[in-house]
Amino acid sequence: MLERIINNLRQSGWTLVALEGNWVCATHDSLKRGLLFGNFSELPLDFKPWIRDYTNISQWEAIVFCPEGMDSARLKQHQFSGIQLWYWDTQQGNLFPFPPTKNQRIPRWLKQLASGNPASLESDSKVGKHFVPFVTYAFLGINLIVFLLMVLAGLSLFPSNSSGLTDQRVLIAFGAKVNDLIQAGEVWRLLTSIFIHIGIIHLAFNLYALRALGPLTEEFFGHPKFLMIYMFSGLGGSIASYLFSPALSAGASGAIFGLLGALLYYCIKRPYLWKSGLGMNLVVVILVNFGFGISQPGIDNYAHLGGLLTGTLTSIFLTKESTQDIRR
């Protein structure tokens, strides 16, 4: 359980440091909060030497593991000024606060982690608020608006041989990936191509996938990291397509495959999510989509593969563990 707590805190932006006697200190600058974790048998006489250098932390709490059970009569034997203690009887699953408090933030957080669910230790003002994936909604809106503008410019909803020249003209005008033009200096097409689509079916498939994967990825990684994963994945897909495919190309599928790669890495780093079936479902989705892309003509598999690899690598880089790793 301690390892799960540590991983959850690290992924949420906390800084972790190993202390004496196998105790661990976790701090979060923006929340101005500090947490201490350790066994009851190694409870120090005073926490002050450990926390005195953290002048920016205004609130401290200590979670004391009691693997041999906890006699409530022993709670008053250890008093630490300015620190809220939580004695956790890991045999019975009971949590005893000292001094007594009605604050349920720590119990709620530990209960979520114990049940195998990802949890975030937030301030009381944020607890219970519904997560809004506004970056995902922004990308959905941009793709829709660009497509409507392209239709007004003459793009066919259902491309065919008869509309081919007009469709190609519109796609190029709006920034599709065209190797010759990129070589001529229009490098911006590597980025603009991820926001345009070749027909309404192409758009519908990609927006459905973005609506399904975007909110989950954005909640797991947070808004800024999700934005970077999506954009870098789309760019990585465009670059792979430019390097290995001479055909005109466009679409958000590279970015979407990047979300699949990021989610897969997120699950691999959290065994409880993998065991829930999410990880294997992602593997199946990736394999099915690659199989479909290979069997169907006109699908840019290089963009898919480039987006998948870029999204995975970006998520690894963005969640790289702090240099202040815990000694084990």
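On a predicted model such as this, the values are computed, not experimentally measured, just so you know. Along every chain, residues carry numbers that run from 1 in the direction the sequence is written. Reporting of local features is limited, given that this is a predicted model, to residues whose pLDDT is at least 70; pairs of side-chain atoms are given and counted only at 80 or more, and all residues count toward the totals for whole chains, interfaces and linings. As a rule here, side-chain values cover all heavy atoms of the structure and leave hydrogens and water aside.

Section: helix 1 (residues 2–11)
Each full turn of the α-helix corresponds to 3.6 residues, which orients residues three or four apart in the same direction.
Consideration 1: Only protein chains enter the accessibility calculation, which uses a 1.4 Å probe; a residue whose area is less than 20% of its type maximum is buried, one above 50% is exposed, and one in between is partly exposed. In this text, helices come from DSSP runs of H or I with a minimum length of four residues, and strands from runs of E with a minimum of two, each type numbered from the N-terminal end. Burial in helix 1 covers these residues: Ile5, Ile6, Asn8, Leu9 and Arg10.
Consideration 2: Looking one or two residues past helix 1, Gly13 carries a phi angle of roughly 95°, positive in sign.

Describing the pattern of salt bridges
A side chain of one charge can pair with a side chain of the opposite charge if their charged atoms are brought near each other.
Consideration 1: In the sections that follow, a salt bridge refers to a side-chain nitrogen of Lys or Arg positioned within 4 Å of a carboxyl oxygen of Asp or Glu. Applying the stated rule across the entire model yields two salt bridges.
Consideration 2: A salt bridge links Arg189 to Glu186; the nearest nitrogen and oxygen atoms lie 2.6 Å apart.

Digging into the environment of Leu43
Consideration 1: The residue Leu43 is located in the loop between strand 3 (33–39) and helix 2 (48–51) in this model.
Consideration 2: Under the relative-accessibility criterion, Leu43 is labelled buried at 14%.
Consideration 3: Along the sequence, Leu43 and Phe65 sit 22 residues apart, while their C-alpha atoms lie 9.7 Å from each other.

Examining the sheet that holds strand 5 (residues 83–89)
Consideration 1: Two strands qualify as a pair provided that DSSP identifies no fewer than 2 bridges between them. One open sheet accounts for six strands, arranged 1-2-3-4-5-6; its pairing is mixed. Whereas interior strands pair on both sides, the edge strands pair on one side only; in this sheet they are strand 1 (15–18) and strand 6 (94–98). Looking at each pair of strands side by side, their axes are set apart by 20° on average, direction ignored.
Consideration 2: When strand 3 meets strand 4 (residues 59–66), the two strands line up parallel, connected through seven bridges. Across the sheet, the residue bridging to Phe37 is Ile63, located in strand 4.
Consideration 3: By the convention used here, residues are in contact when the closest approach between their heavy atoms is within 4.5 Å. Note on definitions: angles span 0 to 180 degrees between N-to-C directions of axes, and those axes are lines fitted to C-alpha atoms, for helices only across the stretch in contact. Across the sheet, helix 1 touches strand 1, strand 2 (24–28), strand 3, strand 4 and strand 5, and the angle it forms with strand 3 is around 165°.

With respect to unusual backbone geometry
Note: most peptide bonds trans; most residues except glycine with negative phi.
Consideration 1: The omega angle of the peptide bond from Phe98 to Pro99 is -5°, so this bond is cis rather than trans.
Consideration 2: With respect to the helices, strands and loops of the structure, Pro99 is situated in the loop between strand 6 and helix 3 (105–114).
Consideration 3: One non-glycine residue with positive phi stands out, namely Asn22, at about 65°.
Consideration 4: Here Asn22 is to be found in the loop between strand 1 and strand 2.

Quick word on the packing of helix 4 (residues 134–152) against helix 5 (residues 164–174)
Consideration 1: Packing of helix 4 against helix 5 leaves a shortest axis separation of 10 Å and a crossing angle of 135°. The angle between helix 4 and helix 5 places the two elements in the oblique class. The way helix 4 lies across helix 5 gives a crossing that is right-handed. Contacts from Val146, Leu149 and Met150 of helix 4 reach helix 5 at Val170, Leu171 and Phe174.
Consideration 2: Looking at the contact of helix 4 with helix 5 residue by residue, the classes come out as six nonpolar, no polar and no charged. For classification purposes, angles smaller than 35 degrees are called roughly parallel, those larger than 145 roughly antiparallel, those between 65 and 115 roughly perpendicular, and all remaining angles oblique. The sense of a crossing depends on the near helix, which, turned anticlockwise from the far helix by less than a right angle, makes the crossing left-handed and, turned clockwise, makes it right-handed. Amino acids outside the nonpolar list (Ala, Val, Leu, Ile, Met, Phe, Trp, Tyr, Cys, Pro) and the charged list (Asp, Glu, Lys, Arg) are all regarded as polar, and Gly is one of them.

Structural notes on a nonpolar patch on the surface
Consideration 1: On the surface, a nonpolar cluster with roughly 510 Å² of combined accessible area is contributed by Leu157, Phe158, Ile200, Ile201 and Phe205.
Consideration 2: Note on Phe158: relative accessible area 54%, which makes it exposed. Only residues whose relative accessible area exceeds 30% and that form no salt bridge enter a patch; like-charged residues are grouped when within 9 Å of one another, and nonpolar side chains (Val, Leu, Ile, Met, Phe, Trp, Tyr) when within 5 Å. Here the accessible surface of atoms and residues is derived via Shrake-Rupley with a 1.4 Å probe, and residues count as covered only by protein chains that are part of the display.

Concerning the packing of aromatic side chains
Consideration 1: Aromatic pairs are defined between Phe, Tyr and Trp rings, using the six-membered ring for Trp, whenever the two ring centres lie within 6.5 Å; interplanar angles under 30 degrees are classed as stacked, those over 60 as edge-to-face, and all others as tilted. According to the stated counting rule, one finds 14 aromatic pairs in the structure shown.
Consideration 2: Pairing Phe40 with Tyr87 gives two aromatic rings, centres 6.1 Å apart and planes at 65°, and the pair type is edge-to-face. With Phe40 in the loop between strand 3 and helix 2 and Tyr87 in strand 5, this residue pair connects regions lying 47 residues apart in the sequence. The pair Phe40 / Tyr87 is uniform in exposure class, with both members buried.
Consideration 3: Between the aromatic rings of Phe226 and Tyr230, the centroid separation amounts to 6.3 Å while the plane-to-plane angle is 40°, which identifies the pairing as tilted.

Quick word on the pairing of strand 5
Regular strands have side chains that alternate between both faces of the sheet.
Consideration 1: Burial of strand 5 is extensive: seven of the seven residues sit out of reach of the surface.
Consideration 2: Going residue by residue along strand 5, you find Ile83, Leu85, Tyr87 and Asp89 tucked away on one face and Gln84, Trp86 and Trp88 tucked away on the opposite face as well.
Consideration 3: Of the pairings in the sheet, the one linking strand 4 to strand 5 comprises seven bridges and is parallel in character. Bridged to Glu61 within strand 5 is Gln84.
Consideration 4: One ladder, built from five bridges, connects strand 5 with strand 6; its direction is antiparallel.

Here's the deal with the nonpolar core
Consideration 1: The nonpolar core is taken to be a set of buried Ala, Val, Leu, Ile, Met, Phe, Trp, Tyr and Cys residues, with the residues joined through side-chain atoms within 4.5 Å. Counting 40 residues, the largest nonpolar core has Phe139, Met150, Ile196, Leu210, Tyr230 and Leu259 as the members making the most contacts within it.
Consideration 2: For this core, the secondary-structure elements that each account for two or more residues are helix 4, helix 5, helix 8 (200–221), helix 9 (223–244), helix 10 (253–268), helix 12 (278–295) and helix 13 (301–318).
Consideration 3: The element that contributes the greatest number of residues to this core is helix 10, accounting for ten residues.
Consideration 4: In this structure Met150 touches Leu155, Val170, Leu171, Phe174, Ile196 and His197, once residues within four positions along its chain are discounted.

What about the pairing of strand 1?
Consideration 1: Burial along strand 1 is one-sided: Leu16 and Ala18 are buried, while Thr15 and Val17, pointing the other way, are not.
Consideration 2: In the sheet, strand 1 pairs with strand 2 via four bridges, with the strands oriented antiparallel. From the neighbouring strand, Leu16 faces strand 2, where its bridge partner is Ala26.
Consideration 3: What sits between the antiparallel neighbours strand 1 and strand 2 is a turn of five residues, in which Gly21 has the positive phi angle 65°.

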